[in-house]
Amino acid sequence: MSLLIKNAKLNSNENLSDIFIKDGKISQIGKNLSCEADKIIDAKDKVITPGGVDVHTHFSLDLGKFISIDDFYTGTRAASFGGTTSIVDHIAFGEKDSLVSDMIDKYHKMAHGHAVIDYSFHGAIQNASEKILEEMYELYKKGIVSTKIYTTYGGKLDDDSILKILKKAKETGTVVCVHCENDGMIKELRDEEKIKGNLDPIYHAKTRPAESEAEAINRLIYLSEVAGYPKLYIVHTSTKLGVDEIRRARSRGVENLYCETCTQYLTYSEEKYLEGGNAEGVKYICAPPLRKKEDVEGLWEAIEDGIVDVIATDHCPFFYESEKLPYKDNFFDAPGGIPGVEERMEVVLTQGLKRGIGLDRLIDLLCKNPARIFGLAYKKGSIEIGKDADIAIFDKKSYTISQENRHSACDYTTYEGFETAYKLNTLIFKGDVLLDPDGYYCKEGMGEFIERKFV
């Protein structure tokens with residue numbers, strides 16, 4: 001199908017353009033195009049963005065006792081209903097001494113034939129053995145140009161192993177994504193509260209303080225400096241202290257340092273752990289936890305001054321009734337993770353534009369930067385001639401997010417009651433209309449693996 005989008009406002013100026021789409025690609029962009037098209041869409045007075053790029057999801061993440069409940073069909077389907085057309089998933093760990101490629105192969109089988117939109121995977125390293133370090137070359141050649149490491153949890157790495165990985169990443173060009181929290185600090189604080197019997201959801205936040213994140217970010221930055229500045233990407237930055245560490249590092253010349261935050265840290269504070277009692281608070285157990293109001297404001301300030309590069313979701317949902325609620329009085333045992341892949345674009349556009357942040361900047365955070373940093377920019381993340389025709393069209397229309405209008409497999413939404421100012425009207429994916437006011441036309445398996453590369 002060929003498409004012609006008329007009267008599209010593609011940037012912050014007032015000029016309108018037409019977009020001609022043919023064979024799944026953006027073919028022409030200009031004023032008053034007269035191309036013959038199978039379908040014409042009038043985008044006048046609407047908000048136009050590239051299809052969203054979410055580089056932090058966890059589909060079917062196996063944590064042992066729990067497995068996140070959105071798979072590559074339900075998760076990507078929910079993403080598409082929110083305007084996202086490509087994701088990069090953070091995979092689970094395999095066996096302790098297994099190769100990362102073993103788990104990548106498993107994820108290919110999980111996603112192929114099921115994803116509705118395009119997808120890729122980050123690697124995940126829990127053992128800096130020589131064979132795993134050498135494997136980074138081969139993974140890079142196969143389009144897995146990023147890997148995840150942790151400074152806490154069961155698969156955490158010590159500083160010597162982290163340094164080895166950073167040095168190898170400098171050689172290969174791999175982006176190293178890091179979950180930054182100080183494991184020892186968290187363990188001591190959790191042990192203290194457990195002895196006292198303080199197990200309500202609010203203590204999940206109190207035992208993972210902002211200092212835990214900031215210290216780990218600071219440590220990773222200095223390790224990256226010793227390693228020669230490989231590409232270091234701090235995932236789900238949630239605190240003012242954390243972004244201040246990144247700000248200071250950049251001001252003193254640290255290179256290849258990227259900062260991600262997530263929708264929930266821009267929207268809610270730790271008061272959510274108290275509102276409605278433990279039964280409501282347990283819904284918001286995730287790591288890092290929701291923070292203080294000053295952290296929310298600090299993150300928005302960091303968006304305004306260019307410190308934050310990406311807004312992702314860390315989408316990792318678990319059933320409320322059967323998996324969260326039973327642990328409302330014991331945060332230790334509640335599965336950590338929340339839904340959000342569907343809500344990201346509408347919620348961030350609503351909050352960002354209300355705060356006076358330009359649409360161009362928001363598109364950078366939601367689409368362009370994640371594609372550029374993670375090797376998707378040769379085909380995703382922007383509305384340019386020759387790129388995949390992935391385009392989201394939003395109405396300037398208010399509606400209330402509720403579980404009744406969600407599409408994840410999860411039985412609750414993190415954003416219940418949130419009043420948006422924008423609602424997805426039409427989603428175009430590689431030249432096909434996936435969603436419009438008349439219906440939803442996706443087919444399971446439409447999505448393809450993206451072999452990521454830097455060009």
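Structural notes, computed from the coordinates. (Residues numbered from 1 in each chain as written. Predicted model: local features only at pLDDT ≥ 70, side-chain atom pairs only at ≥ 80, totals over all residues. Heavy atoms only, no water.)

Here we take up the side chain of Arg 406. The residue Arg 406 is located in the loop between strand 15 (399-400) and strand 16 (419-420) in this model. Judged by relative accessible area, Arg 406 falls into the buried class, the value being 11%. Looking at Arg 406, its side chain comes within polar contact range of the side chain of Tyr 399, at 3.0 Å. A distance of 3.0 Å separates the side chain of Arg 406 from the side chain of Asn 405, its partner in a polar contact. Excluding anything up to four places from it in sequence, Arg 406 contacts Glu 342, Glu 343, Tyr 399, Ile 401 and Thr 413. (Helix = DSSP H or I, 4+ residues; strand = E, 2+ residues; numbered from the N terminus. Buried < 20%, exposed > 50% of the residue type's maximum accessible area, 1.4 Å probe, protein only. Polar contact = N/O pair within 3.5 Å; in protein donor to acceptor, adjacent residues only side chain to side chain. Contact = heavy atoms within 4.5 Å.)

Next up on the list: the pattern of salt bridges. In the structure shown here, the tally under the stated rule is 31 salt bridges. A salt bridge links Glu 245 to Arg 248; its shortest N-O distance comes to 3.2 Å. One end of the pair is Glu 245 and the other is Arg 248, both in helix 8 (residues 240-251) and three residues apart, which spans about a single turn. The class of Glu 245 is buried, set by a relative accessible area of 15%. Residue classification places Arg 248 among the partly exposed residues on the basis of a relative accessible area of 45%. The closest approach of N and O atoms between Glu 384 and Lys 387, which form a salt bridge, is 3.3 Å. On the basis of relative accessibility, which here comes to 38%, the residue Glu 384 falls in the partly exposed class. Judged by its relative accessible area of 13%, Lys 387 falls in the buried class. Connected through salt bridges with shared partners, the residues Lys 25, Asp 118, Lys 380, Asp 388, Asp 390, Lys 430 and Glu 448 form a single ionic network. (Salt bridge = Lys/Arg side-chain N within 4 Å of Asp/Glu carboxyl O.)

Attention now goes to the packing of helix 2 (residues 100-111) against helix 3 (residues 130-141). Running from N to C, helix 2 and helix 3 point in directions that differ by 40°, and their axes come no closer than 9 Å. Taken as axis vectors, helix 2 and helix 3 run oblique relative to one another. Seen from helix 2, the contacting residues are Val 100, Ser 101 and Ile 104; seen from helix 3, they are Ile 132, Glu 135 and Leu 139. For the contact of helix 2 with helix 3, the residue count by class is four nonpolar, one polar and one charged. (Axes fitted to C-alpha atoms, helices over the stretch in contact; angles between N-to-C directions. Parallel < 35°, antiparallel > 145°, perpendicular 65-115°, else oblique. Nonpolar A, V, L, I, M, F, W, Y, C, P; charged D, E, K, R; others polar.)

Ranked by internal contacts, the top residues of the largest apolar core, which has 111 residues, are Phe 121 and Ile 165. Looking at this core, the element that brings in the most residues is helix 14 (residues 359-373), giving six residues. Not counting chain neighbours up to four residues away, the residues in contact with Phe 121 comprise Phe 72, Val 88, Asp 89, Ile 91, Ile 104, Tyr 107, His 108, Ala 111, Ile 144, Ser 146, Phe 449 and Arg 452. (Core = buried A, V, L, I, M, F, W, Y, C linked by side-chain atoms within 4.5 Å.)

Next up on the list: the pairing of strand 9 (residues 146-150). For strand 9, the tally of buried residues reaches five of five residues, placing the bulk of the element in the interior. Of the two faces of strand 9, the one carrying Ser 146, Lys 148 and Tyr 150 and the one carrying Thr 147 and Ile 149 are both buried. The parallel pair strand 8 (residues 118-124) and strand 9 is bridged by helix 3, and the resulting crossover is right-handed. Here strand 9 runs beside strand 10 (residues 175-179); their pairing, made up of five bridges, is parallel. Paired with Ser 146 across the bridge in strand 10 is Val 175. In the classification by handedness, the crossover that spans strand 9, the intervening helix 4 (residues 159-172) and the parallel strand 10 is right-handed. (Right-handed = clockwise from strand over helix to strand, strands pointing away. Pairing = 2+ DSSP bridges.)

This part takes up helix 2. Its twelve residues give helix 2 an end-to-end C-alpha distance of 17 Å, which sits within 8% of 16 Å, the value for a rise of 1.5 Å per residue. For helix 2, every residue scored as buried is listed here: Val 100, Ser 101, Met 103, Ile 104, Tyr 107 and Ala 111. Buried positions in helix 2, seen along its axis, are confined to an arc of 155° and lie on one side of it. Gly 113 sits one or two positions beyond helix 2 and adopts a positive phi of about 80°. (Expected span 1.5 Å × (residues − 1). Arc of directions from axis to C-beta.)

Ordered in space as 6-7-8-9-10-11-12-13, the eight strands form an open sheet in which the pairing is parallel. Where the open sheet ends on each side, the last strands, each with one partner, are strand 6 (52-57) and strand 13 (310-312). Between one strand axis and the next, the sheet turns by 30° as a mean value, whatever way the strands run. Here four bridges tie strand 6 to strand 7 (residues 84-90), and the two strands are oriented parallel to one another. Of the residues in strand 7, the one forming a bridge with Gly 52 is Thr 84. Here helix 4 sits on the sheet and contacts strand 9, strand 10 and strand 11 (231-234); the angle it forms with strand 10, its principal contact strand, is near 155°.

Next up on the list: the environment of Ile 125. With respect to the element layout, Ile 125 can be found in the loop between strand 8 and helix 3. Taking relative accessible area as the criterion, Ile 125 reaches 2% and is therefore assigned buried. C-alpha of Ile 125 to C-alpha of Val 176: the two residues are 51 residues apart in sequence and 9.9 Å apart in space. Beyond its immediate chain neighbours, meaning those up to four positions away, Ile 125 contacts Phe 93, Val 100, Ile 132, Met 136, Thr 147, Lys 148, Ile 149, Gly 155, Leu 157 and Ile 165.

Function cannot be inferred from these measures alone, as they are strictly geometric.
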